[in-house]
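Spelled out, the chains give:
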Amino acid sequence: MNGMVWVVSRYNRNSIAALTGVLEVHPCLDTLPLYFLKEAQAPARVPELASRLDHLVVAFSFATLSLPRIARLVQQLRQKSPVNVTFIAGGPHPSGDPEGTLRLGVDAVVVGEGEMALPALLERIFAGQSYADLPGIATLQDGLLVCNRRPLLADLNDYPPFGLRHGRVSHIELSRGCPYGCTFCQTPRILGGRMRHRTVETVIHWIREAQKGGYRYARFVTPNAFAYGSPDGKTLNLEAMERLLFEVNRLLGREGVYFGSFPSEVRPENVTAEAVALVKKYAANDNLVFGVQTCSPRMLRALRRGHTVEDVYRATEITVRAGLTPILQFIFGLPGETEEDQQLTFQAIRELTAMGAIIRSNTFMPLPGSPLANAPPGRIDYRTRRFLDELASRGEQFGHWRQQEQLAAVVAQAGMRPGAGSVAQV
């Protein structure tokens, strides 16, 4: 008998839930025993499971901020595990830096979307066959990276959003892909530049199925909630948005619907009085999350954000007028940022918080696969620290910028940066 371990953390619950759902409906893998182990459990449990199974696959899904922890864990498991264990990885960081991930001690990396590539990889592993030629799979061959062309992008409607049979119910991925090209972001490079949407019918079907197990509220994963149903991912489709919210509201009630708030966000230029009115009518959230990043016009252009500072003020005003709190995401320590850029952002934040906004602060982290992958990690200077602390003291700012700054420094100091070695592309 074979088996598979998912190494779980608070940061990969959505991806593991979705891929568990994929395996549950796969005709050849639906009965595969799955084990969900926390990182602290893995060193003891993996060797024990391997001793009882013919072959065990250990799977990691992680983003760049988790890299130091995962690197230590892979090394630890490699030392303890028998030969019948295969280590695989996927998610944002492995997809952006497959070579660096493989050199941690991983046997194969799923690059990009896993709906098609993961089942094909598992079938080859359990059959004892080579998987080096599979689409969407990266391996090291004679010390060189071989990264095969990825399969077609998945139709979200062909797969469950979570794994009901294994109790892995999480937020519903509503849309995938992004037509914008922000230089700090991995999304369009990994998941494509065309936005794909899960249909209302599919969303309702899976909510009904989840309700049988006690599912009582719906939150959605999407890079831009207000672009739901949009053919180009940029223009609003209020008809599609209202139909979705109406149908979900009819199943769960207004108190069970959250839209445009955590874990998703909206783009400021898409915030209109009509769109916000739909949220107020059908959803329970008391806030909307906007991606802003900076209020320097020069930096917005450099980052290819695709919106203006004026869009941010307008979206904030509309949201406050509707009785919702705007939560504005900013990135501090951006590469190329000048003192003048900082002052423009600080002044805008003072005005936006006076209007009723709350700031969510992040420190810049270079992400593999993005245009800024090789930029230095963000450093938060004394002036910015004092400014953020003052905002926090008034309840106008929150976020993990301190932890992110520390982790970014750890990643950089350890040399855990995107590989620059020779690549063989097949």
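Note: the structure precedes this text.
Residues numbered from 1 in each chain as written. Predicted model: local features only at pLDDT ≥ 70, side-chain atom pairs only at ≥ 80, totals over all residues. Heavy atoms only, no water.

All right, on to the nonpolar core then. Residues Phe 226, Val 248, Phe 259, Leu 328 and Phe 330 are the most contacted members of the largest nonpolar core, which totals 56 residues. Looking at this core, the elements that each hand over two or more residues are helix H8 (200-211), helix H9 (238-252), helix H10 (273-282), strand S12 (287-293), helix H12 (309-321), strand S13 (325-332), helix H13 (339-355) and helix H14 (382-393). When residues no more than four places from it in sequence are discounted, the contact partners of Leu 328 are Phe 290, Val 292, Val 312, Thr 316, Leu 352, Ala 357, Ile 358, Ile 359 and Arg 360. (Core = buried A, V, L, I, M, F, W, Y, C linked by side-chain atoms within 4.5 Å. Buried < 20%, exposed > 50% of the residue type's maximum accessible area, 1.4 Å probe, protein only. Helix = DSSP H or I, 4+ residues; strand = E, 2+ residues; numbered from the N terminus. Contact = heavy atoms within 4.5 Å.)

Our next topic: empty space enclosed by the protein. Counted according to the given criterion, the structure contains three cavities of 30 Å³ or more. Roughly 60 Å³ of internal volume is contained in the largest cavity. In terms of lining, the largest cavity is formed by Val 111, Glu 113, Glu 115, Met 116, Arg 150, Pro 151, Leu 152, Leu 153 and Ala 154. (1 Å grid on protein atoms, 1.4 Å probe; cavity = no way out; pocket = protein on both sides within 12 Å on 5 of 7 lines; lining within 4 Å. Points joined across faces, edges and corners; volume = space filled by probe spheres on them.)

Our next topic: the layout of surface pockets. The space that makes up the second largest pocket amounts to roughly 180 Å³. Mapped by element, the contributors of at least two residues to the lining of the second largest pocket are helix H4 (92-96) and helix H7 (187-191).

In this description, an aromatic ring pair is defined by two values, namely the gap between the centres and the angle between the planes. Summed over the entire model, instances satisfying the criterion amount to eight aromatic pairs. Aromatic side chains Tyr 217 and Tyr 258 sit 6.2 Å apart centroid to centroid with 85° between the ring planes, which places their arrangement in the edge-to-face category. Pair noted here: Tyr 217 is in the loop between H8 and strand S11 (220-221) and Tyr 258 is in the loop between H9 and H10, with a separation of 41 residues, a long-range link. On the basis of relative accessibility, which here comes to 43%, the residue Tyr 217 falls in the partly exposed class. (Phe/Tyr/Trp six-rings, centres within 6.5 Å; stacked < 30°, edge-to-face > 60°.)

This next bit is on the environment of Glu 269. Within the secondary structure, Glu 269 is located in the loop between H9 and H10. A sequence separation of 42 residues divides Glu 269 from Asp 311, and the C-alpha atoms of the two residues are 5.3 Å apart. Every residue in contact with Glu 269, bar those within four places of it in the chain, is listed here: Tyr 180, Gly 306, His 307, Asp 311 and Arg 314. At 2.6 Å, the side chain of Glu 269 forms a polar contact with the side chain of Arg 267. (Polar contact = N/O pair within 3.5 Å; in protein donor to acceptor, adjacent residues only side chain to side chain.)

This part takes up the packing of helix H2 (residues 42-52) against helix H3 (residues 67-80). The N-to-C vectors of H2 and H3 enclose an angle of 35°; their axes lie 10 Å apart at closest approach. Viewed along their axes, H2 and H3 form a crossing whose handedness is right-handed. Residues Ala 42, Pro 43, Val 46 and Pro 47 of H2 lie in contact with H3, whose contacting residues are Leu 73, Gln 76, Leu 77 and Lys 80. For the contact of H2 with H3, the residue count by class is six nonpolar, one polar and one charged. (Axes fitted to C-alpha atoms, helices over the stretch in contact; angles between N-to-C directions. Left-handed = near helix turned anticlockwise from the far one by under 90°. Nonpolar A, V, L, I, M, F, W, Y, C, P; charged D, E, K, R; others polar.)

Another point: the sheet that holds S12. For sheets, the rule is that strands pair by backbone hydrogen bonds, running either parallel or antiparallel. Read across the sheet, four strands follow the order S12-S13-S14-S15 without closing on themselves; strand pairing throughout is parallel. Because the sheet does not close on itself, it has two edges, and the strands there are S12 and strand S15 (397-399). Recorded for the sheet is a direction-independent mean angle of 30° between the axes of neighbouring strands. Along the sheet face, H14 touches S13, strand S14 (358-363) and S15 and points at about 110° away from the line of S15. (Pairing = 2+ DSSP bridges.)

So, on to the environment of Leu 352. Secondary-structure assignment places Leu 352 in helix H13. For Leu 352, a relative accessible area of 0% gives the class buried. Spatially, the C-alpha atoms of Leu 352 and Tyr 313 are 7.0 Å apart, while their sequence positions differ by 39 residues. Contacts of Leu 352, omitting those with residues within four sequence positions, involve Cys 295, Val 312, Tyr 313, Thr 316, Leu 328, Phe 330 and Ala 357.

None of this, on its own, says anything about what the molecule does.
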